[in-house]
Amino acid sequence: MDALEASMKISGAGLEAQSSRLRVVAENMANARSTGPTAGANPYVRKTVTFANELDRATGAELVHVGAVGVDRSPFRVEHDPGNPAADKNGNVKFPNVNILTEVADMREANRAYEANLQVMKQTRDLLTMTIDLLKGSQ
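Described below are features of the structure shown in this document. The written sequence of each chain sets the order in which its residues are numbered from 1. Per-residue local features of the predicted model are confined to residues with pLDDT of at least 70, and side-chain atom pairs are confined, for both listing and counting, to 80 or more; whole-chain, interface and lining totals are unaffected and use all residues. Only hydrogens and water are removed before side-chain values are computed, so all heavy atoms of the structure are retained for them.

A closer look at the overall build of the protein
Helix and strand definitions here come from DSSP, where helices need a minimum of 4 consecutive H or I residues and strands a minimum of 2 consecutive E residues; each element is numbered from the N-terminal end. When helices and strands are tallied, the protein shows 2 helices and 4 strands. Counting from the amino terminus, the protein carries its helices and strands in the arrangement α-β-β-β-β-α. Put simply, the radius of gyration uses C-alpha atoms, and a globule should come to 2.2 Å times the residue count raised to 0.38. On C-alpha atoms alone, the protein measures out to a radius of gyration of 22 Å, which is more than a quarter above the 14 Å that the 2.2 N^0.38 rule sets for 139 residues. By principal-axis analysis of the C-alpha atoms, the protein measures approximately 85 × 25 × 20 Å. Residue burial in the protein is summarised as follows: out of 139 residues, 24% are buried. For each residue, the accessible area found with a 1.4 Å probe, counting protein chains only, is set against the maximum for its type, and the residue is called buried under 20%, exposed over 50%, and partly exposed in between.

Now the structure itself:
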């Protein structure tokens, strides 16, 4: 396979991986204040994304993909709010182990990585177009 085609495939895998990461971050942020369905029940658990690489036999390149979507084992936040329907018998409510600042930082990092992969694809496309134009002109 051509090196330019391989770079497109590598960048495409990066776009897909970062897109999945952004989806997980969005889910975490959306559920940052979700409580359990019943009094004393556990709330939403923050999800994490782990990347892995695999060899693409056609190109010989290592492609990134989402290895696993796991859960964060850090403890839940507990707040005293006796009027909350999710409060236990002591008036404490468990909130998700989601830190919005961490999620925003992760979102920005994923966004930058996505943009970098997109830029590589644009540059590769331009190089392919220039090569085709050059070949057309030599005939």
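Notes on the packing of aromatic side chains
Planes of paired rings set the category: under 30 degrees apart is stacked, over 60 is edge-to-face and the rest tilted, where pairs are Phe, Tyr or Trp rings (Trp by its six-membered ring) whose centres lie within 6.5 Å. Taken as a whole and judged by the stated rule, the model has 0 aromatic pairs. Across from the ring centre of F95, 4.2 Å away, lies the NZ or CZ of R33, which sits over that ring. Definition used: whenever NZ (Lys) or CZ (Arg) falls within 6 Å of the ring centre and also within 35 degrees of the ring normal, the charge is taken to sit over that ring.

Looking at helix α2 (residues 100-137)
Take the residue count of a helix, subtract one, and multiply by 1.5 Å to get its expected span. Compared with the 56 Å implied by 1.5 Å per residue over 38 residues, the 55 Å span of α2 between its first and last C-alpha is a close match. All buried positions along α2 are accounted for by E103, A110, N117 and T124. We call two residues contacting when some pair of their heavy atoms lies within 4.5 Å. Contacts made by the buried residues of α2 are with α1 (3-30). Its side-chain oxygen placed 2.9 Å from the backbone nitrogen of L101, N99 serves as the N-cap of α2. The definition of a polar contact used here is a pair of N or O atoms within 3.5 Å, where within protein one atom must be able to donate a hydrogen and the other to accept one, and adjacent residues in sequence count solely through side-chain atom pairs.

Considerations on the pattern of salt bridges
A pair is scored as a salt bridge if a Lys or Arg side-chain nitrogen falls within 4 Å of a carboxyl oxygen belonging to Asp or Glu. Per the stated rule, a full pass over the model turns up 10 salt bridges. The partner of D72 in a salt bridge is R46, with the nearest N and O atoms 3.2 Å apart. Of the two residues, D72 is situated in the loop between β2 (61-71) and β3 (77-80) and R46 in the loop between α1 and β1 (47-56); the sequence distance between them amounts to 26 residues. On the basis of relative accessibility, which here comes to 13%, the residue R46 falls in the buried class. Across the salt bridge formed by D126 and R125, the nearest N and O atoms sit 3.7 Å from each other. The exposure class of R125 is partly exposed, given its relative accessible area of 47%. Residues joined in a network through salt bridges with shared partners are R21, D106 and E109.

Some words on α1
Here α1 spans 41 Å end to end across 28 residues, near enough to the 40 Å set by a 1.5 Å rise per residue. Among the residues making up α1, those that are buried are A6, S7, S11, A13, G14, L15, A17, Q18, R21, V24, V25 and N28. The inward-facing, buried residues of α1 contact β1, β2 and α2.

Here's the deal with the pairing of β2
Relative to β2, β1 runs antiparallel, the two sharing 10 bridges. Across the sheet, the residue bridging to K47 is V71, located in β2. Linking β1 to β2, which pair antiparallel, is a turn of 4 residues; within it G60 sits at a positive phi near 75°. What makes two strands pair is DSSP finding at least two bridges between them.

What about the packing of α1 against α2?
With axes taken as lines fitted to C-alpha atoms, and helix axes fitted only over the stretch in contact, angles between N-to-C directions fall between 0 and 180 degrees. Their axes nearest at 8 Å, the elements α1 and α2 cross at an angle of 160°. Judged by the angle between their axes, α1 and α2 are roughly antiparallel. Both α1 and α2 take part in a crossing whose hand is left-handed. Three categories are distinguished: nonpolar for Ala, Val, Leu, Ile, Met, Phe, Trp, Tyr, Cys and Pro, charged for Asp, Glu, Lys and Arg, and polar for the others, with Gly belonging to the last. By residue class, the composition of the contact of α1 with α2 is 17 nonpolar, 10 polar and 5 charged. Throughout, the term roughly parallel applies to angles under 35 degrees, roughly antiparallel to angles over 145, roughly perpendicular to angles from 65 to 115, and oblique to all others. With the far helix as reference, a near helix turned anticlockwise by less than a right angle produces a left-handed crossing, and one turned clockwise produces a right-handed crossing.

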